[in-house]
Amino acid sequence: MFSKGHKLLLSIFLSYFSCAVFSQGYVNIWPMGLNNSIEFVGSGFSFSNNFNTGSAALACMNDASGNLLFYCPAQNIINANHNIMPNGDSIKVHISAEQGAIALPFLSDPDRYFLFQVEAAEVGGNYGFNYSVVDMSFDGGLGDVPLGLKNISISTNATTEGIAATAHRDGLRAWVVMHDLPSPNFRLLLVGDTIESIIERPSNAFYGGANSAISSFYTFSPNSKYLASVIAPDSIVELYQFNNGNGSLEHVTDIVFETRIKSAEFSSNSNFLYVATVEPSTTISNIYQIELEDYSKTIIGSSAFPGDMQLDPRRRILVSTVNSFNIGAILEPNDAGLASNYIDSILTFSPLNVASNFPNWISNWFNTSFCVENACVSDSTEFYFAGYRMDSAIWDFGDPASGPLNFGTGQEPKHVYSNPGDYQVTLLATTGGSTDTIIQTVSIVFPVDAGVLKDTTYLCSNQPTYLSAFQFGAEYSWENGSDSSAILVNDTGWYVCTISNACTTIIDSSFVRFVEPLNIDLGNDTFLCDSQSITLSGFDVNQVASFVWNTSDTSNPTLHISFSDVSFSSNYWLTATNACGTASDTIRIGFLPQPDVSWFSDSILCDRTEAVISPPIIDSVAFFMTYTTDDIAYDTLAQPWRIDTFGFYSVHAFNACDTVVKRAILSPFNAIDVSLGADTVLCPSDSVALNAFWPSSSYAWSNGSTDSMLVVSHDDLVGAGSETYSVTITNGPCARIASRTLSVDDLVCDTSNCKFSIPNVFSPNADGINDVLKISNTCTSVSFSAAIYNRWGQLIYSDERAQGNASITWDGFVNGVAASEGTYFIIIQFGDKVQKGSFSLLR
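Residues numbered from 1 in each chain as written. Predicted model: local features only at pLDDT ≥ 70, side-chain atom pairs only at ≥ 80, totals over all residues. Heavy atoms only, no water.

Here we look at the sheet that holds strand β33 (residues 414-416)
In step 1: Spatially, three strands are ordered β29-β30-β33 in an open sheet, and the strand pairing comes out antiparallel. Of all strands in the sheet, those with a lone pairing partner are β29 (371-373) and β33, marking the two edges. Taken pair by pair, the neighbouring strands of this sheet meet at an average axis angle of 25°, ignoring direction. (Pairing = 2+ DSSP bridges. Helix = DSSP H or I, 4+ residues; strand = E, 2+ residues; numbered from the N terminus. Axes fitted to C-alpha atoms, helices over the stretch in contact; angles between N-to-C directions.)

Describing the state of the cysteines
In step 1: Taken as a whole, this structure holds three disulfides when the rule is applied.
In step 2: Disulfide pairing places Cys-460 opposite Cys-580 at an S-S distance of 1.9 Å. Taking the sign of the S-S torsion, about 105° here, the bridge from Cys-460 to Cys-580 comes out right-handed. Here Cys-580 lies in the loop between β46 (570-578) and β47 (581-591) and Cys-460 lies in strand β36 (residues 456-460), a separation of 120 residues in the sequence. (Disulfide = S-S within 2.5 Å.)

Side note on the packing of aromatic side chains
In step 1: Within this structure, the stated rule accounts for 33 aromatic pairs.
In step 2: An angle of 10° between the planes, with centres 4.5 Å apart, marks the rings of Tyr-26 and Trp-365 as stacked. Of this pair, Tyr-26 sits in the loop between β1 (7-8) and β2 (29-31) while Trp-365 is found in the loop between β28 (342-348) and β29, placing the two residues 339 residues apart along the sequence.
In step 3: Aromatic side chains Phe-383 and Trp-395 sit 5.6 Å apart centroid to centroid with 45° between the ring planes, which places their arrangement in the tilted category. With Phe-383 in strand β30 (residues 380-384) and Trp-395 in strand β31 (residues 390-396), this residue pair connects regions lying 12 residues apart in the sequence.
In step 4: The exposure class of Trp-395 is buried, given its relative accessible area of 0%.
In step 5: One aromatic cluster in this structure is built from Phe-106, Phe-114, Phe-116, Phe-129 and Tyr-131.
In step 6: Positioned above the aromatic ring of Phe-257, the side-chain terminus of Lys-297 is 4.6 Å from the ring centre. (Phe/Tyr/Trp six-rings, centres within 6.5 Å; stacked < 30°, edge-to-face > 60°. Buried < 20%, exposed > 50% of the residue type's maximum accessible area, 1.4 Å probe, protein only. Lys NZ or Arg CZ within 6 Å of the ring centre and 35° of its normal.)

So, the environment of Phe-830
In step 1: The residue Phe-830 is located in strand β69 (residues 822-830) in this model.
In step 2: Along the backbone, Phe-830 and Ser-785 are 45 residues apart, and their C-alpha atoms lie at a distance of 6.8 Å.

Re the layout of surface pockets
In step 1: Here the largest pocket defines a volume of roughly 1,700 Å³.
In step 2: Together, 50 residues line the largest pocket, and Lys-225, Tyr-226, Glu-293, Val-372 and Glu-475 are the ones closest to its centre.
In step 3: Mapped onto the lining of the largest pocket, the elements with two or more residues apiece are β19 (236-242), β29, β35 (434-444), β38 (475-478) and β40 (493-500).
In step 4: Top element by residues in the lining of the largest pocket is β35. It accounts for seven residues.
In step 5: Of the residues belonging to the lining of the largest pocket, the class tally is 16 nonpolar, 23 polar and 11 charged. (1 Å grid on protein atoms, 1.4 Å probe; cavity = no way out; pocket = protein on both sides within 12 Å on 5 of 7 lines; lining within 4 Å. Points joined across faces, edges and corners; volume = space filled by probe spheres on them. Nonpolar A, V, L, I, M, F, W, Y, C, P; charged D, E, K, R; others polar.)

Focus: the environment of Ser-531
In step 1: Following the sequence through the fold, Ser-531 ends up in the loop between β42 (526-528) and β43 (533-536).
In step 2: Judged by relative accessible area, which is 68%, Ser-531 ranks as exposed.
In step 3: Linking Ser-531 and Ser-562, residues 31 residues apart in sequence, is a C-alpha distance of 7.2 Å.

Let's talk about the side chain of Ser-203
In step 1: Relative to the helices and strands, Ser-203 resides in strand β16 (residues 195-207).
In step 2: Side-chain polar atoms of Ser-203 contact the side chain of His-179, separated by 3.1 Å.
In step 3: Each residue touching Ser-203, except ones within four places of it in the same chain, is listed here: His-179, Pro-184, Asn-185, Phe-186 and Tyr-240. (Polar contact = N/O pair within 3.5 Å; in protein donor to acceptor, adjacent residues only side chain to side chain. Contact = heavy atoms within 4.5 Å.)

Some remarks on the pattern of salt bridges
In step 1: If you walk through the whole model with that rule in mind, you get eight salt bridges.
In step 2: Measuring nitrogen to oxygen at the nearest pair gives 2.8 Å for the salt bridge that ties Arg-169 to Glu-412. With Arg-169 in the loop between β13 (164-167) and β14 (174-181) and Glu-412 in the loop between β32 (407-409) and β33, the pair connects residues that are 243 residues apart, well separated along the chain.
In step 3: By relative accessible area, Glu-412 is classed as partly exposed at 42%.
In step 4: The partner of Arg-315 in a salt bridge is Asp-436, and the shortest N-O contact between them spans 2.8 Å. Of this pair, Arg-315 sits in the loop between β25 (306-311) and β26 (317-321) while Asp-436 sits in strand β35, placing them 121 residues apart in sequence. Just as Arg-315 is buried, Asp-436 falls in that class too. (Salt bridge = Lys/Arg side-chain N within 4 Å of Asp/Glu carboxyl O.)

Regarding the sheet that holds strand β59 (residues 722-731)
In step 1: Here we have four strands laid out as an open sheet, ordered β55-β60-β59-β57, and mixed in their pairing. At either end of the open sheet lies a strand with only one pairing partner, and these are β55 (680-681) and β57 (698-701).

Description of unusual backbone geometry
In step 1: Despite not being glycine, Tyr-295 has its phi angle at roughly 65°, a positive value.
In step 2: On the secondary structure map, Tyr-295 appears in the loop between β23 (284-291) and β24 (297-304).
In step 3: The phi dihedral of Ser-552 is positive, around 75°, even though this residue is not glycine.
In step 4: Within the secondary structure, Ser-552 sits in the loop between β44 (546-549) and β45 (559-562).
In step 5: For Ser-552, a relative accessible area of 57% puts it in the exposed group.

Side note on the confidence of the model for the protein
Detailed reading of predicted coordinates is not advised where the pLDDT is low.
In step 1: Residues at a pLDDT of 70 or more form 88% of the protein, whose mean pLDDT is 83.
In step 2: Across residues 1-22, where pLDDT falls below 50, the model places 72 contacts with residues more than four positions away in sequence or in other chains. (pLDDT = per-residue confidence, 0-100.)

Describing the pairing of β30
In step 1: Looking at chain direction, β29 and β30 are connected through three bridges and run antiparallel. Bridging across to β30, Glu-373 finds its partner in Glu-382.
In step 2: Two strands pair when backbone bridges link them, and β30 and β33 are joined in this way by three bridges, in the antiparallel orientation. What sits directly across from Thr-381, in β33, is His-415.

Brief notes about a negative patch on the surface
In step 1: Residues Glu-293, Asp-294, Glu-475 and Asp-483 make up a contiguous surface patch of negative charge.
In step 2: Considering the arrangement of structural elements, one finds Glu-475 in strand β38. (Patch = residues over 30% accessible without salt bridge, like charges linked within 9 Å, V, L, I, M, F, W, Y side chains within 5 Å. Areas by Shrake-Rupley, 256 points an atom, 1.4 Å probe, with all protein chains shown as cover. Lys, Arg positive; Asp, Glu negative; His and termini not counted. Charge placed at Lys NZ, Arg CZ, Asp CG, Glu CD.)

Considering the side chain of Glu-39
In step 1: Take Glu-39: it is sitting in strand β3 (residues 37-41).
In step 2: Looking at Glu-39, its side chain comes within polar contact range of the side chain of Asn-28, at 3.4 Å.

Structural notes on the environment of Thr-505
In step 1: Looking at the element boundaries, Thr-505 is found in strand β41 (residues 505-515).
In step 2: For the pair Thr-505 and Val-448, spaced 57 residues apart in sequence, the C-alpha separation works out to 6.8 Å.
In step 3: Excluding residues within four positions of it along the chain, Thr-505 makes contact with Thr-498, Ile-499 and Ser-500.

As C-alpha cells, this is what we get:
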C-alpha cells in the first residue's frame, strides 16, 4: 500500500483480469516518471501522482505483502515516504537511462537489498558499473544506505545503459547482466549475500560506438531460458539461450527490424518475444510478436510513439507511450498472432501525462511456465520452475496411477511415468504470499527410434515421392533446412535428418534409390513331363522391396519346381511390392505323366468269341489301336476295341510329352460252355450221368477219370453221404472247370416209391430223336408242381398237376421261340418235399 498521498481510481476494463496473479507482492507498486505510480488492487488499478520520481524511475522494491520499500529515480534512493534515504543521494546512475538500475534482495538478510547501477558511456565522468546496499532496518524501517556501501565500483569501464536480472537455478540467488564498453563480452554477476562471482561471456556484437551504447538494453525471459540483447539504434535483437545454472550464453539468432527499436518484453510463458519499433520522424510504432520456435515476425498492432514494455501481475504486457495520457496492453501475450489482442488503452491518466518507462524487475517474478526435461517413458522426467524467492512449490504430475508418487515439492522435482501419453501437470507456486496455479500438458514419449529411416529407401520414379522420418511427438531438421516430418525427394543420394522429441535426439539417414513400376511376368502357362523341372523368376531383385510366392517363401527370388514335387496341374503366383505399388502374375503348370502301355501284351482270349478291351484312364494320355490280320493289312479300331479276329494289334499311347507304341498278338477263342447240372439228391436205385463233353477237348476228373462222362449211383454215395465231382475241360490254350455236388438223403427220397426221373440232356432239333424233355415219376395220388429256369435264374416253364403218375414234358420252346443251348435247372415240389435237378439242351 502507499504510505501517503492522494489516490485516484483509474478507468479500467475489469473483464481483462480474470486470470490468477503471480508474485503480486513484490511487483505490486510501480513507480513511473513524472511522479506517477500504479498499484495493482484486486482486479484493477489505483493511481498516485505524489511520488518523487522526476523524469524516470529505474528500480523499485516492494515487500512480499505488496508494501512499498524504496525506489530509485535515477540519482537518488527514495523511501516509502517519498523522501531521499539517509546517504541515498548521488547514486551513480545517469538520469536519462531507462534501464540503469535494478534492486535485488540479499540471500539471507531480509533487511538488506542490492541496487546495481550502470552509467551510459557518453556521459561525462564515466562512472562505469557500481552497486549500493539498502538496509531497511535503519531510520525506523524506512531504510538508509550504510556508510561505505554506496557506489561500490565493480568496473570503471564505460557501459551500455542496460541491466537485467534473472534467477539462478536454485531460485535463491540471481544473475545480473550488463555490458562494458568497448568490449566483446557480457559481464555476468552471481549474487547471493555477496557478489559471489563475476564471469564474462562473449556477445555476438562488439559495442564500439556511442550510438550503440545509448539505447542498448536487455531482458530475460521469465523462465530464464532466453536473453534478448537489444541494440536499439541498429534495429537488431540478438537472441541468446541462457543456462541459469552455470551462466553460459549461446547465440541463437539475430532478429533485424527496419526501424529503431524502442522496447522489448517476453510473454509470461516465454514462448514469444514482443518488440516495439518506432520511426522518429512519424512517431508511429509497430508492435511485433516473435515466435521463438522459428523466429517469425507478426505485426499485432501499432500506436503512437511507444515507451516501455513490461509484464504485469495479470500476465499482460503493458505498453507506455511518450507524452500521452494512456497505457496500452497486450492482453493475451501467451497466444499466437492477433489472438494476443493488443489494445491502445487499458487505463488513462488524464489529465496527467504518462512517463515512458516502467520499473526494472527481475524476470522470474512474472514466470507462468515450467520446463520439462527427459520426458521419457520409465525414466526420471525432470521438472523445473524458474522462480525467485518462492515460498513453496507443490506439484501434481497428473499420474494418479503412481499413487503417492504423483505429488512432489520444490523447484526441481522428478517423476517416473510408466506409460506414454499426455499428462496434465499442475504446479501451485507461491511467491510473496501469492499463489499462482500453472497447468501444462506434458507429453511423455518413447525415445526416438533410430531405425525410422532405412539404410536404403526405394522410391517410385514416376510420381512425386516423400521421404518420411515421422515419429509421434517428434521435431525434425533435414539437411536442406526443412523442419517437416517428410520432404519431397527428386534425386538419388543420401538424406540426413535430425529427429528429436522430449526424450532424445538422434541423427538418422537414408540412401534413396528410385525404382520403376513393377512388371511381374512368370511366362506363359506350360507343362512338365516326367523328370523335368522349371525355375520361375519374374522380377528384378533391385527393383523390389518385398515379395511372396504362393509357397509363402519371401526370401528366394526364384522358385524351383520339379515333376516329382507335385502332381496334377497347379497354379503358381508371385506378388511383389515396391515404392510404386504392388503387382502379381500367375502361371499354370501342368504335370503330364509318361504314357504307359505296360498293361498291353500277347494274349489268348479264352472263353470268349469276342473280347472288348478298354485302355486305362491316365490323365492327359490318349490311346488308339491299330491291327493287322490275314485279311486286313492295317486298320484302326474304333473304341471300344472289340477283338474278334486273330491278328497283330498295336496300342498307341501319346500326350504332349511322348508317344509310345506296343504290339501284341490277340487271339479270341470259342467259349467252353459246359455244365454238369445242378446239385442233386440221389435216392436208392438212382444214378446220374455227369456229361462234360465239348468238341476237341480233353478231360481230367477229380476222381482221376479222363472220360467225357462220369456215371455216379446212389450206392457210390452211401458211405460219404455227399461228394462234389469236378472236371477240367481243356481245349487248346483254354481250360474251364465244371463241378456238381451229389448226395443221398432219406428224408428227401419218397418212401412210398415216389420220385421223378430227370434226363441229363435232350435235343429239340426236330430229328425225331430225344426232341422233348420228358420227366416221369413213380408217384401216385401226389400233387406236385415243376418249374424250369435258365442259367440266369429266369423262369421259362412251369407245370402243376393235381396228382402224380403223369409225365412232365417241355418241347424246348419259350413263347414259341426256341430256347438257346445251355444248362437249365428244374425244381419239383411235392408234399413237403423238393427235388432239384438240371439238364442240358442241345440243338
